[in-house]
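Understanding the architecture of this molecule
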Amino acid sequence: MSYSFIITMNKKLILQDLRALVIPLSYWSLILSFSFILMMLIYPSYIKYENTLKIIFESYPKITLEALGINLDTCFTPIGYYCLIFKYISILFAIMASSLGIKIIKQSDQDQILYTMPLKRSTIITSKITALAIIIFIINLIYELISIVVMMILTKADILILTKINLGLLLMQVNFACITMMIASFIKNKRILNLTSYLCVLFFYILDQIQNITKLKFLRYINPFSLFKPSDILNNNHYTRGFFIASIFIIFYTINFCYIHNNELEM
C-alpha cells in the first residue's frame, strides 16, 4: 500500500467523520452558548442583591458552600460568579464530550464497510480521534469567543483569567471524550452505549461531590471534574502541575487502550 494512498484515505476518513459530527457541532454550540448567555444575564440582578445573598450564603454550612462551588470572598465578582455557574456549565460540556466520544467510536454501517477494506484499524481510529478533536476545538472556540464578548458587555472581567478557566474546561472535555471512547470500544450493545455518556458524567459528578466532602485529594487525580477547578486559577493564577500531568496520563492511557483493543480485533 503506497504512502500517498494512506494519506488520501486518512483525509477522506477524517472528512467522513467530520460530516457525521456536523449536526452535533451545530446544536451543542447553540446549547452551550445559549446556556452561558442565559446564566450571565442573571448576573446584574444577582449583584444587585449582593448583601441579601451574602447573608443567606453565610448561613449555609461550609460543606454545602463547597459542594455548590460558592466562595464568599469572590462569588460576587464577575469571574467569581462565572466560577459559581462553572459547575453547571462543566456538566453540560462533560455530557457533550462524552456523547461525542461515544458517537465517534460507535460502529456505523459505514464503519463496517471500512473494516472490510485494506486499512488498518489504527488508521480508522486515528481519523476518528482527529475528527473528534477538531469538533471539540471548534465548539470551544465558539464558546470562548461568545464568553469574551458577553463578559465585556455585562462586566469588566479579566479576560486572561476567563481564558485560563476555559482552557481547563477544554482539557476536562478531552478527558471525558477519551474515557467514553475507551468504554465504547468494547461495549457492543447500542442501548447501553446511549446511556453510557450520561452514566459516566453522573458517576464522576458524584465522585466530585464525595471529594468535596471528604477532602480525599487522591480522588481529584482520577476525576475529570476535579482536575481543573476554577478556584485553582483564582487562588494561584495557574492550574496545579500534578493535576495537569494526571490529565495527560488519562488521555494517553485511554487512547492507547483504544488502539490496543482495536489491534487485537484486527488479528
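Residues numbered from 1 in each chain as written. Predicted model: local features only at pLDDT ≥ 70, side-chain atom pairs only at ≥ 80, totals over all residues. Heavy atoms only, no water.

1. Section: the overall build of the protein chain
Convention followed: Each helix corresponds to a stretch of at least 4 residues labelled H or I by DSSP, and each strand to a stretch of at least 2 residues labelled E; elements are numbered beginning at the N terminus. Only protein chains enter the accessibility calculation, which uses a 1.4 Å probe; a residue whose area is less than 20% of its type maximum is buried, one above 50% is exposed, and one in between is partly exposed. Note on contacts: a residue pair qualifies if any of its non-hydrogen atoms lie within 4.5 Å across the two residues. Here the accessible surface of atoms and residues is derived via Shrake-Rupley with a 1.4 Å probe, and residues count as covered only by protein chains that are part of the display.
Helices and strands together make up the secondary structure of the protein chain, namely 13 helices and zero strands. Traced from its N-terminal end to its C-terminal end, the protein chain shows the element sequence α-α-α-α-α-α-α-α-α-α-α-α-α. Burial status across the protein chain gives 48% buried among its 267 residues. Taking all contacts inside the protein chain whose residues are at least 6 apart in sequence as the whole, residues at least 24 apart take part in 73%. Surface exposure of the protein chain reaches about 14,100 Å², of which carbon and sulfur atoms provide 70%.

2. Here's the deal with the packing of aromatic side chains
Quick reminder of the rule: Paired rings are identified among Phe, Tyr and Trp, the last through its six-membered ring, by centres lying within 6.5 Å, and are further divided according to the angle between planes into stacked (under 30 degrees), edge-to-face (over 60) and tilted (the rest).
Under the definition given, this model contains 17 aromatic pairs. On the basis of an interplanar angle of 85° and a centroid distance of 6.3 Å, the ring pair of Tyr205 and Phe225 is categorised as edge-to-face. Here Tyr205 is found in helix 10 (residues 190-214), whereas its partner Phe225 is found in helix 11 (residues 224-227), with 20 residues between them in sequence. The buried category is assigned to Phe225, whose relative accessible area is 9%. Every member of this aromatic cluster is reached through a ring pair, and the members are Tyr43, Tyr46, Phe57, Tyr60, Phe76 and Tyr81.

3. Points about helix 6 (residues 78-105)
Applicable threshold: One less than the number of residues in a helix, times 1.5 Å, gives the span that helix is expected to have. At any given residue, the bend is defined as the angle formed between two axes, one fitted to the seven residues that end at that position and one fitted to the seven that begin there.
Between the first and last C-alpha of helix 6 there are 39 Å, a value that for 28 residues agrees with the 40 Å anticipated at 1.5 Å per step. By the largest-angle criterion, Phe86 marks the main kink of helix 6, which is about 45°. Of all 28 residues making up helix 6, 24 are buried, and the element is well covered by its neighbours.

4. Points about the nonpolar core
To keep things clear, this is the line we draw: Definition used in this section: a nonpolar core is a set of buried Ala, Val, Leu, Ile, Met, Phe, Trp, Tyr and Cys residues joined via side-chain atoms within 4.5 Å.
Counting 73 residues, the largest nonpolar core has Tyr46, Tyr82, Phe93, Ile139, Ile165 and Phe176 as the members making the most contacts within it. Not counting chain neighbours up to four residues away, the residues in contact with Phe93 comprise Leu32, Ile139, Asn140, Tyr143, Leu169, Met172 and Gln173.

5. With respect to the packing of helix 2 (residues 22-41) against helix 8 (residues 121-154)
Basically, it comes down to this: For every element, the axis is a line fit to its C-alpha atoms; helices are fit only across the contacting stretch, and the angle between N-to-C directions ranges from 0 to 180 degrees. Note on terminology: angles under 35 degrees are roughly parallel, angles over 145 are roughly antiparallel, angles of 65 to 115 are roughly perpendicular, and the others are oblique. In this scheme the handedness of a crossing depends on how the near helix is turned from the far one: anticlockwise by less than a right angle means left-handed, clockwise means right-handed. In this classification, the charged set is Asp, Glu, Lys and Arg, the nonpolar set is Ala, Val, Leu, Ile, Met, Phe, Trp, Tyr, Cys and Pro, and all remaining amino acids, among them Gly, are polar.
Running from amino to carboxyl end, helix 2 crosses helix 8 at an angle of 25°, the nearest separation of the two axes being 10 Å. Regarding the angle of helix 2 to helix 8, the classification is roughly parallel. Along this stretch, helix 2 crosses helix 8, giving a crossing that reads as right-handed. Note on element contacts: helix 8 touches helix 2 through Ile135, Ile138, Ile139, Ile142, Tyr143, Ile146, Ser147, Val150, Met151 and Leu154, opposite Leu25, Trp28, Ser29, Leu32, Ser33, Phe36, Ile37, Met40 and Leu41. For the contact of helix 2 with helix 8, the per-class residue count stands at 16 nonpolar, three polar and no charged.

6. Section: the pattern of salt bridges
Keep this limit in mind: One speaks of a salt bridge when a side-chain nitrogen belonging to Lys or Arg is within 4 Å of a carboxyl oxygen belonging to Asp or Glu.
One pass over the structure, following the stated rule, counts three salt bridges. Here Asp17 makes a salt bridge to Lys128, at a shortest N to O gap of 3.7 Å. Remark: Lys128 occurs in helix 8 and Asp17 occurs in helix 1 (residues 3-20); sequence separation between them is 111 residues. Judged by relative accessible area, which is 6%, Asp17 ranks as buried.

7. Quick notes on the side chain of Ser226
Condition: Think of a polar contact as two N or O atoms within 3.5 Å of one another; within protein, one of them needs to be a possible hydrogen donor and the other a possible acceptor, and neighboring residues in sequence only count if both atoms come from side chains.
Note on placement: Ser226 falls in helix 11. Polar side-chain contacts of Ser226 include one of 2.7 Å to the side chain of Asp208. Beyond its immediate stretch of four places on either side in the chain, Ser226 contacts Asp208, Gln211 and Arg220.

8. A short note on the side chain of Asn166
Position of Asn166 among the secondary structure elements: in helix 9 (residues 159-184). Using a relative accessible area of 5% as the deciding quantity, one classes Asn166 as buried. Residues in contact with Asn166, not counting those within four places in the same chain, are Tyr82, Tyr143, Glu144 and Ser147.

9. Focus on the packing of helix 6 against helix 9
A pair of packed helices is characterised by two quantities: the angle between their axes and the separation of those axes. Across the interface, helix 6 lies against helix 9 with an axial gap of 8 Å and an inter-helix angle of 30°. Here helix 6 lies roughly parallel to helix 9, going by the angle between them. Along this stretch, helix 6 crosses helix 9, giving a crossing that reads as right-handed. Considering only residue class, the contact of helix 6 with helix 9 consists of 21 nonpolar, six polar and no charged.

10. Some points on the environment of Ala133
Within the element layout of this structure, Ala133 appears in helix 8. Note: C-alpha distance between Ala133 and Gly101 (32 residues apart in sequence) is 9.8 Å.

Honestly, that's just the spatial picture; any functional story needs more than this.
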